[in-house]
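For reference, the chains in residue letters:
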Amino acid sequence: MANSSVKLHYEVADNDFTVAGEASGAVKKVLRQLGFPSDVIRRVAVSMYECEINMVIHANGGHIDVEITPDKIRMVHTDKGPGIKDIGQAMQKGFSTANEEVRQLGFGAGMGLPNMQRYTDEMKITTEIGKGTVVDMTVYVNKF
Amino acid sequence: MASEKRELLYHSVCLEEGDCKGCTTCMRYCPTQAIRVQNGKAKIIREKCIDCGECVRRCPYHAKRVVSDNFYTLKSFKHNIALVAPAFCGQFSKVTNIDLILTGLKKIGFDDVFEVARGAEVITAKTKEILAEKNHEGPYISSACPAVVRLIAVKFPSLSDMVIPLTSPMEAAAQMARREAMEKTGLEDDEIGVFFISPCPAKVTAVKQPLALDKSSVSGVIPVKDVYMKLVHALKSVDKIEKLSVSGKDGIRWARSGGETEALGIKNYIAVDGIHNVIKMLEELEDEKLNNIEFIEALACTSGCTGGPLNVENEFVANSRIRNLTEHLEKGEAKGENLSLMWDKKVEYEPFSPLDTDINKALTKMQQLEEIYARLPQLDCGSCGSPSCRDFAEDIVRGKAQERDCIFRLREKIEVLAKEIEELGKMIKE
């Protein structure tokens, strides 16, 4: 039997902290309605929120495409931001390029990318300086 | 299945159908989307309800009722004790002395009184011990509000391990009151009635069907508003005030939001009140947005137990009075030796049933839900009888509603029909 899937699309607004987290919040509700295990829901919500916040802080917003299938949840975050100079450096705990203003708000602790990697099973970053970044993350559902 | 079990759950909140006008107010304020309006009457979806009483508070026609005990129940016991919650003391405008309230209660049918604040002091001491052990990551969540504990059981399974597995001040006080009464009177346990005077429906449910205890030590629950009028009259005839209050400031301050944490003396804490605010906060906690927080005090009613829907007085006025009543008091440290304070069992995750138990079918239904939602006006007007367009789309997919129940979709259909009839009319003329 072919697996069913649900595709969801979200726009992430530019530079607006008040709406960041709306997409991950909406996906969390959908996953609850679908009956996914709570640890899967949490991992998706946390990693997606981190990525959403990054898009707001660094990349003037963008869009997220989510595909839910019985065995995995894939989230593709696409932005037209400045790109990441050194991915290896960006992946280090505590490294951040966030400005002072953003840090004052309690963001920019340099834990975003490490947390995203920790909570997802697969993470692929494609980036080009001046063009933008695509963060492709997948969380597998083992219990189904 | 957990959801089937929830269908059988006891609920203290219910609807008086005759008084319901089908206005949708309760539906719009329900924090767990547990209400639908069908055929002009509100209906509570039992497995979603957490007995917070938000609908009781909001209903303009007072059609939402709370099933509870009354003074007749006292007749079943030889010796009756009133368990007095701290919030109760803020209900009376001219009272400047807690002992007057307690003495008054002994004039309206109770043989004795016991302050729940003493139970709160015992729970405070025990909570300090548990916090010192610190055996998990992240903050601890207070288990004092039964509506919040139930909310976590229904909606936030990943947070359930953070809830402190301690019984409520009410239960601790009930155990202490029973023990004292048995010593004083020589009566058997089952001859003693312990009645909690309750500010909220969640406490009624917590007694009738406790989530984490095998059995409650409380015999019955009488709403504050049912005691209030009797007591107000009785207070006038109190000539000699007995010295009955022994609680300190730390117990009584539990009446308002933040009081429990102040008694604990914690630095990094969040005290959140109002069920909608609580949900928002728990979502943030689940998403790991809260850092360096040690303790979360979450209360379903605005400004704490003084905001309970079964109270008489405005919560802000009540809080101010309680502040004045406790100003001169010592901290207070009730002894609670040999009490059973830990939960008997873990609270089970009891989620609302998913769209389908088969994940493939659930995904197909979710796809349909998204398609239906895209067609809806997305105004969340509630005219269809569901709280939002998304809930309505879900109800349609679940077979509980039909698209024509949407007044906007119906209007579109009528427009199309009207045009077709017009065309048909023209054809006939030709």
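Residues numbered from 1 in each chain as written. Chains lettered and ligands numbered in written order. Predicted model: local features only at pLDDT ≥ 70, side-chain atom pairs only at ≥ 80, totals over all residues. Heavy atoms only, no water.

Asks: Please set out the overall build of chain A residue by residue, giving values where relevant.
Replies: Scanning chain A from N- to C-terminus turns up five helices and five strands. The order of α-helices and β-strands along chain A, N terminus first, is β-α-α-β-β-α-α-α-β-β. What you see for chain A is a C-alpha radius of gyration of 15 Å, in line with the 15 Å of a compact globule of 144 residues. Across the 144 residues that make up chain A, the buried fraction comes to 50%. Sequence-distant contacts, at least 24 apart, represent 65% of the contacts inside chain A between residues at least 6 apart. Counting every atom, chain A has about 7200 Å² of accessible surface; 48% of that belongs to carbon and sulfur. Of the side chains in chain A, 16 bear a positive and 18 a negative charge, and the two mean positions are spaced by 6 Å. (Helix = DSSP H or I, 4+ residues; strand = E, 2+ residues; numbered from the N terminus. Rg over C-alpha atoms; globule rule 2.2 N^0.38 Å. Buried < 20%, exposed > 50% of the residue type's maximum accessible area, 1.4 Å probe, protein only. Contact = heavy atoms within 4.5 Å. Areas by Shrake-Rupley, 256 points an atom, 1.4 Å probe, with all protein chains shown as cover. Lys, Arg positive; Asp, Glu negative; His and termini not counted. Charge placed at Lys NZ, Arg CZ, Asp CG, Glu CD.)

Asks: Before we move on, could you go through the packing of helix α6 (residues 146–155) of chain B against helix α12 (residues 275–286) of chain B and cite the residues and values that matter?
Replies: The description of two helices packed together rests on the angle between their axes and the distance between the axes. All names here are of chain B. Following both chains from N to C, one finds α6 and α12 inclined at 45 degrees, their axes separated by 11 Å at the closest point. One way to sum up the angle between α6 and α12 is to call them oblique. For the element pair α6 and α12, the recorded crossing hand is right-handed. Counted together, Val 148, Leu 151, Ile 152 and Lys 155 of α6 and Ile 275, Val 278, Ile 279, Leu 282 and Glu 283 of α12 form the full contact between these two elements. (Axes fitted to C-alpha atoms, helices over the stretch in contact; angles between N-to-C directions. Parallel < 35°, antiparallel > 145°, perpendicular 65-115°, else oblique. Left-handed = near helix turned anticlockwise from the far one by under 90°.)

Asks: Report on the domain arrangement of chain B, specifying residues and quantitative values.
Replies: You can read the domains of chain B as domain 1 (1–67), domain 2 (71–326) and domain 3 (354–430). Taken over C-alpha atoms, the centre of domain 2 of chain B sits 46 Å from the centre of domain 3 of chain B. (Domains from an automatic or database assignment.)

Asks: Describe in detail the interface of chain B and chain A, supporting the description with residues and values.
Replies: Taken together, the contact pairs 22 residues of chain B with 25 residues of chain A. Regarding the contact of chain B and chain A, the summed buried area is about 2100 Å², with carbon and sulfur atoms giving 55% of it. One can count six salt bridges joining chain B with chain A. Residue Glu 283 of chain B is joined to Arg 32 of chain A by a salt bridge in which the shortest nitrogen-to-oxygen separation is 3.5 Å. The interface formed by chain B and chain A holds eleven residue pairs in polar contact (both at pLDDT 80 or more) in total. Counting residues per element, the side of chain B that touches chain A draws most heavily on helix α14 (residues 359–375) of chain B, at nine residues. (Buried area = accessible area lost by both parts, 1.4 Å probe. Salt bridge = Lys/Arg side-chain N within 4 Å of Asp/Glu carboxyl O. Polar contact = N/O pair within 3.5 Å; in protein donor to acceptor, adjacent residues only side chain to side chain.)

Asks: How would you sum up the pairing of strand β2 (residues 35–38) of chain B? Please name residues and give values.
Replies: Residue and element names in this part refer to chain B. Here four bridges tie β2 to strand β3 (residues 41–44), and the two strands are oriented antiparallel to one another. Its bridge partner lying in β3, Gln 38 is registered against Lys 41. Linking β2 back to β3 in an antiparallel pair, the connection comprises two residues, with Asn 39 at a positive phi of about 50 degrees. (Pairing = 2+ DSSP bridges.)

Asks: Run through the sheet that holds strand β9 (residues 220–223) of chain B, naming residues and quoting values.
Replies: Residues and elements named next belong to chain B. With respect to topology, four strands assemble into an open sheet ordered β6-β5-β8-β9, the strand pairing being parallel. Looking at the sheet topology across the chains shown, the edges are occupied by β6 (112–115) and β9. Going across the sheet, the axis of each strand differs from the next one's by a mean of 30 degrees, ignoring polarity. Examined bridge by bridge, strand β5 (residues 79–84) and strand β8 (residues 192–198) share six bridges and lie parallel to one another. Residue pairing across strands places Leu 83 opposite Phe 196, the latter belonging to β8.

Asks: Tell me about the packing of aromatic side chains, residues and numbers included.
Replies: All names here are of chain B. Counted by the stated rule, this structure contains four aromatic pairs over all chains. Ring geometry for Phe 77 versus Phe 195: centroids 5.9 Å apart, planes at 80 degrees, classification edge-to-face. A residue pair is termed long-range when its members are at least 10 positions apart, and Phe 77 in the loop between β4 (64–66) and β5 and Phe 195 in strand β8 qualify at 118 residues. Judged by relative accessible area, which is 22%, Phe 77 ranks as partly exposed. Looking at Phe 195, the relative accessible area reads 0%, which means it is buried. With 5.3 Å between their ring centres and 75 degrees between their planes, Phe 88 and Phe 92 make a pair best called edge-to-face. Both residues of the pair, Phe 88 and Phe 92, belong to the buried class. Joined through ring pairs, the aromatic side chains of Phe 88, Phe 92 and Tyr 228 make up one cluster. (Phe/Tyr/Trp six-rings, centres within 6.5 Å; stacked < 30°, edge-to-face > 60°.)

Asks: Would you mind going over the sheet that holds strand β11 (residues 295–299) of chain B in detail, with residue names and values included?
Replies: Residues and elements named next belong to chain B. Here we have three strands laid out as an open sheet, ordered β7-β11-β10, and parallel in their pairing. Either end of the sheet is taken by a strand with one partner, and the two such strands are β7 (140–141) and β10 (269–273). Bridge count between β10 and β11: five bridges; the pairing is parallel. Bridging from a neighbouring strand, Asp 273 pairs with Leu 299 of β11. The sheet contacts of α12 involve β7, β10 and β11, and relative to β10 the element is tilted by about 140 degrees.

Asks: Report on the nonpolar core, specifying residues and quantitative values.
Replies: Ranked by size, the top nonpolar core spans 53 residues in total, and within it Leu 34, Phe 36, Val 66, Ile 68 and Ile 73 of chain A carry the most contacts. Residue contributions to this core peak at ten residues, all from helix α2 (residues 38–58) of chain A. Beyond its immediate chain neighbours, meaning those up to four positions away, Ile 73 of chain A contacts Leu 31, Phe 36, Val 40, Val 44, Val 66, Glu 67, Ile 68, Met 137, Thr 138, Val 139 and Val 141 of chain A. With 52 residues, the next largest nonpolar core counts Ala 120, Met 176, Val 218 and Ala 263 of chain B among its residues. (Core = buried A, V, L, I, M, F, W, Y, C linked by side-chain atoms within 4.5 Å.)

Asks: Would you mind going over the environment of Asn 60 of chain A in detail, with residue names and values included?
Replies: Residues and elements named next belong to chain A. Here Asn 60 is to be found in the loop between α2 and β2 (62–68). Spatially, the C-alpha atom of Asn 60 lies 12 Å from that of Thr 133, the residues being 73 residues apart in sequence. Excluding residues within four positions of it along the chain, Asn 60 makes contact with Asp 14 and Met 55.

Asks: Got a sec to walk through the packing of helix α1 (residues 22–34) of chain A against α2 of chain A? Specific residues and values, please.
Replies: Residues and elements named next belong to chain A. Contact geometry of α1 with α2 gives a least axis separation of 8 Å together with a crossing angle of 165 degrees. Taken together, the axis directions place α1 and α2 in an arrangement best described as roughly antiparallel. For the element pair α1 and α2, the recorded crossing hand is right-handed. Contacts between α1 and α2 involve Glu 22, Ala 23, Ser 24, Val 27, Lys 28, Leu 31 and Arg 32 from the first element and Ile 41, Val 44, Ala 45, Met 48, Tyr 49 and Glu 52 from the second. Per-class residue counts for the contact of α1 with α2 are eight nonpolar, one polar and four charged. (Nonpolar A, V, L, I, M, F, W, Y, C, P; charged D, E, K, R; others polar.)

Asks: Can you lay out the confidence of the model for chain B for me, pointing to particular residues and giving the numbers?
Replies: Looking at chain B as a whole, its pLDDT mean stands at 92, while 98% of the residues score no less than 70. Confidence, read as mean pLDDT per element, is least for helix α1 (residues 2–7) of chain B in chain B (48) and greatest for β5 of chain B (98). (pLDDT = per-residue confidence, 0-100.)

Asks: Requested: an account of the pattern of salt bridges, with residues and values cited.
Replies: Scanning the entire structure with this criterion turns up 36 salt bridges over all chains. Of the charged contacts, one joins Arg 58 of chain B and Glu 54 of chain B as a salt bridge, the two residues approaching to 3.1 Å between their closest N and O atoms. Note that Arg 58 of chain B and Glu 54 of chain B are positioned in helix α3 (residues 54–58) at a spacing of four residues, about one turn of the helix. The exposure class assigned to Arg 58 of chain B is partly exposed, which follows from its relative accessible area of 32%. Here Glu 54 of chain B falls in the buried class, since its relative accessible area comes to 5%. Across the salt bridge formed by Arg 178 of chain B and Asp 189 of chain B, the nearest N and O atoms sit 2.9 Å from each other. Of the two residues, Arg 178 of chain B is situated in helix α7 (residues 169–185) and Asp 189 of chain B in the loop between α7 and β8; the sequence distance between them amounts to eleven residues. Via salt bridges that share partners, Lys 28 and Arg 32 of chain A together with Glu 283, Glu 286, Asp 287 and Lys 289 of chain B belong to a single interconnected network.

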